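What the coordinates show
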Amino acid sequence: MEDSKKNDRLRLVIGWLYPKYMSTYGDRGNILTLWQRCHWRNIDVTVKEIDLEDKINPAYIDLYFFGGGQDQAQKIISSDLQTIKRGQLRKAVRLGAVFLGICGGYQLFGHYYRPANEMDIPGIGILDVITTAGNKRMIGNIVVETNEKLKFKKERLMVGFENHSGKTYLGKRATPLGNVVVGFGNNGEDRTEGAYQGNVFGCYLHGPLLPKNPEFADLLIERALEKKYGHVDLTQIDDTLELETQGNVIERAKKIQ
Ligand code: GLN
């Protein structure tokens, strides 16, 4: 990083959507990972919790995180998401902010989630995907080979844990985040997992996702900083432990599939 940037610390503002309702399977660990990987690089991080009734200033937040939650939680936050947040979040997409949605959060980035025998839960349509509940939950370890377009350098595989009844199908404007090596993925049919569109990313990988997939964490940080500062080269971090853990999970998942 050039000296000029070292002097005035880079700043990253993370907006954490509905932390009280939408944070299953340790999804909050993704916030901790983004925070820590920035601090290891002397990047200043502010985490803003955005809950029911809270308004959003789209110009202030660089990266949004939306964790997973059971159907009940998705229903609780739904009207707030539509009436208070939808317009501001769609504006944030136009401003180039980065978004990561996990499972239930991913589903509500789409057009709608149709739970079994229930009213549709409308999404905010920032990902061209729809989700309908299947009659069998898709649960277990999951290994994904990431889309080569994302240009992962160190390790193209990502690992996590999935537990969802929702089956997600991608429209023309969304691109799969990757292909399933072990597990169900988007719908247990087309072997795709997750989706992205510009800087909006979604997937079914709980765990939490980012501690065991450091390259994806850095991709999100880099894109969020680029929106603000132009091109930023992140200092390389020693991810030996993270990649070793990832390797162990991949081996175990392949063995027990
Ligand atoms: N309620 C959604 C489903 O079952 C999402 C579940 C989750 O976030 N773990 O598909």
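For the structure, see preceding data.
Presented here is a report on the structure given in the accompanying data block. Within any chain, residue numbers begin from 1 and follow the written order of that chain's sequence. Whole-chain, interface and lining totals are the exception, using all residues; otherwise, since this is a predicted model, local features are given only for residues with pLDDT of at least 70 and side-chain atom pairs are given and counted only at 80 or more. Side-chain calculation: all heavy atoms of the structure are included, whereas hydrogens and water are not.

1. Observations regarding the site of the ligand
- The environment of the ligand is formed by 15 residues, the closest being Gly69, Asp71, Gln74, Cys103 and Gly166.
- A distance of 2.9 Å is found between an oxygen atom of the ligand and a backbone nitrogen or oxygen belonging to Gly69.
- Segments assigned H or I by DSSP are reported as helices when at least four residues long, segments assigned E as strands when at least two residues long, and all are numbered from the N terminus. Elements with a minimum of two residues in the shell around the ligand: α3 (71–94), α4 (104–109) and β8 (157–170).
- With four residues, β8 is the single largest residue contributor to the shell around the ligand.
- Under the convention adopted here, Pro, Cys and the residues Ala, Val, Leu, Ile, Met, Phe, Trp and Tyr are nonpolar, Asp, Glu, Lys and Arg are charged, and Gly plus all remaining residues are polar. In the shell around the ligand, the residues fall into two nonpolar, eleven polar and two charged. Only heavy atoms are used to decide nearness, and a residue is near a molecule or strand if one of them lies within 4 Å of it. Polar contact criterion, stated in full: a pair of N or O atoms within 3.5 Å, where within protein one must be able to donate a hydrogen and the other to accept it, and residues adjacent in sequence count only if both atoms are side-chain atoms.

2. Considerations on the packing of helix α2 (residues 28–39) against helix α5 (residues 214–229)
- Here an axis means a line fitted to C-alpha atoms, over the contact stretch when the element is a helix, while the angle between two N-to-C directions is reported on a 0 to 180 degree scale. The geometry of α2 relative to α5 is characterised by a closest axis approach of 10 Å and an angle of 75° between their N-to-C directions. Taken as axis vectors, α2 and α5 run roughly perpendicular relative to one another. On α5, the residues touching Thr33, Leu34, Arg37 and Cys38 of α2 are Pro214, Ala217, Asp218 and Ile221.
- Class assignment of the residues belonging to the contact of α2 with α5 gives a composition of five nonpolar, one polar and two charged. For classification, angles of less than 35 degrees are called roughly parallel, those exceeding 145 degrees roughly antiparallel, those between 65 and 115 degrees roughly perpendicular, and all remaining angles oblique. Any pair of residues with heavy atoms lying within 4.5 Å of one another is described as a contacting pair.

3. A look at the pairing of strand β4 (residues 98–102)
- Counting buried positions over the five residues of β4 gives five, a clear majority of the element.
- Here β4 shows a buried face lined by Val98, Leu100 and Ile102 and a second buried face lined by Phe99 and Gly101.
- Strands pair, by our definition, only if DSSP identifies at least two bridges between them. With four bridges joining them, strand β3 (residues 63–66) and β4 adopt parallel strand pairing. Residue Leu63 lies in a different strand from β4, and its bridge partner there is Val98.
- The parallel pair β3 and β4, bridged by α3, forms a crossover whose chirality is right-handed. Note on exposure labels: buried denotes an accessible area under 20% of the residue type's maximum, exposed denotes more than 50%, and partly exposed covers the range between, all computed with a 1.4 Å probe on protein chains only. Throughout, right-handed denotes a crossover for which the path from the first strand over the helix to the second runs clockwise when the strands point away from the viewer.

4. Notes on the pattern of salt bridges
- What makes a salt bridge here is a side-chain nitrogen of Lys or Arg within 4 Å of a carboxyl oxygen of Asp or Glu, nothing more. Evaluated as defined, the whole model comprises 13 salt bridges.
- Note that Arg37 is salt-bridged to Asp239, the shortest N-O span being 2.9 Å. Residue Arg37 is found in helix α2, and its partner Asp239 is found in the loop between α5 and α6 (240–256); the two are separated by 202 residues along the sequence. Judged on exposure class, the residue Arg37 and its partner Asp239 are both buried.
- The partner of Asp62 in a salt bridge is Lys227, with the nearest N and O atoms 3.2 Å apart. Within this pair, whereas Asp62 is found in the loop between β2 (44–50) and β3, its partner Lys227 is found in helix α5, the two being separated by 165 residues in sequence.
- The partly exposed category is assigned to Lys227, whose relative accessible area is 28%.
- Shared partners join several salt bridges into a network, and the residues in it are Arg37, Arg41, Asp218 and Asp239.

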